[in-house]
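Spelled out from the first residue to the last, the chains are:
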Amino acid sequence: MSAFLSAASREELVRIIRQINPGQAPVCDAPLDDWLRLAGCAPGLGCQRVLAGILKRVNPPVAELYGPMLDSWSTRPANGYALAAILKMVNPPLAPAYGPLLDAWARRNAPRHDRDVAQ
């Protein structure tokens with residue numbers, strides 16, 4: 001993903017993803033751990049595509065609905081807000097529980113402009 005996404009932020013995202021569909025979490029645990037290692041050493045669009053593939057497995061029955069959006073997200077520099085919006089669709093009944101966590105995560109990881117940092 002983008003250079004602004006720290007190791008702590010990646011780990012936080014993985015914790016949230018595991019809450020989205022707890023029943024599917026055991027299937028995704030090892031791939032998510034592998035993704036964390038990959039993202040730590042090779043962030044970028046390839047890493048985003050790997051994450052998109054994993055996320056489609058989080059809720060296979062509705063992957064057809066949000067899969068094209070994930071594919072679109074994974075082909076350009078990461079936008080945390082877009083990813084958060086997609087992930088809220090993965091398990092709508094649980095979205096009220098993990099949605100605020102995703103929103104906070106996206107806010108904290110939004111790229112900062114140089115002028116924002118200078119202030």
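It should be emphasised that the depicted structure is a prediction, and the values quoted were computed from it without experimental measurement.

1. Topic: the packing of helix α2 (residues 25–41) against helix α3 (residues 45–58)
Next, step 1: Packing of α2 against α3 brings their axes to within 10 Å, and their N-to-C directions diverge by 170 degrees. Classified by the interaxial angle, the pair formed by α2 and α3 is roughly antiparallel. Crossing handedness for the pair α2 and α3: left-handed. Mapping the contact onto sequence places Val 27, Cys 28, Pro 31, Leu 32, Trp 35, Leu 38 and Ala 39 in α2 and Cys 47, Val 50, Leu 51, Ile 54, Arg 57 and Val 58 in α3.
Next, step 2: Along the lines of polarity and charge, the residues of the contact of α2 with α3 split into 12 nonpolar, no polar and 1 charged.

2. Details of the side chain of Ser 9
Next, step 1: Secondary-structure assignment places Ser 9 in helix α1 (residues 7–20).
Next, step 2: By relative accessible area, which is 5% here, Ser 9 ends up buried.
Next, step 3: If near-sequence neighbours (up to four positions away) are discounted, Ser 9 is found in contact with Trp 105 and Asn 109.

3. Structural notes on the packing of α1 against α2
Next, step 1: Here α1 crosses α2 at 165 degrees, and the two axes come no closer than 10 Å. Classed by the angle they form, the pair α1 and α2 counts as roughly antiparallel. α2 is crossed by α1, and the crossing has right-handed handedness. Between α1 and α2, the contacting residues are Arg 10, Glu 11, Leu 13, Val 14, Ile 17 and Arg 18 on the first element and Ala 25, Asp 29, Leu 32, Asp 33, Trp 35, Leu 36, Ala 39 and Gly 40 on the second.
Next, step 2: Of the residues contributing to the contact of α1 with α2, the split by class is 8 nonpolar, 1 polar and 5 charged.

4. Quick look at the environment of Leu 5
Next, step 1: Here Leu 5 shows up in the segment before α1.
Next, step 2: Spatially, the C-alpha atom of Leu 5 lies 8.7 Å from that of Ala 110, the residues being 105 residues apart in sequence.

Thresholds applied
Residues numbered from 1 in each chain as written. Predicted model: local features only at pLDDT ≥ 70, side-chain atom pairs only at ≥ 80, totals over all residues. Heavy atoms only, no water. Axes fitted to C-alpha atoms, helices over the stretch in contact; angles between N-to-C directions. Helix = DSSP H or I, 4+ residues; strand = E, 2+ residues; numbered from the N terminus. Parallel < 35°, antiparallel > 145°, perpendicular 65-115°, else oblique. Left-handed = near helix turned anticlockwise from the far one by under 90°. Contact = heavy atoms within 4.5 Å. Nonpolar A, V, L, I, M, F, W, Y, C, P; charged D, E, K, R; others polar. Buried < 20%, exposed > 50% of the residue type's maximum accessible area, 1.4 Å probe, protein only.

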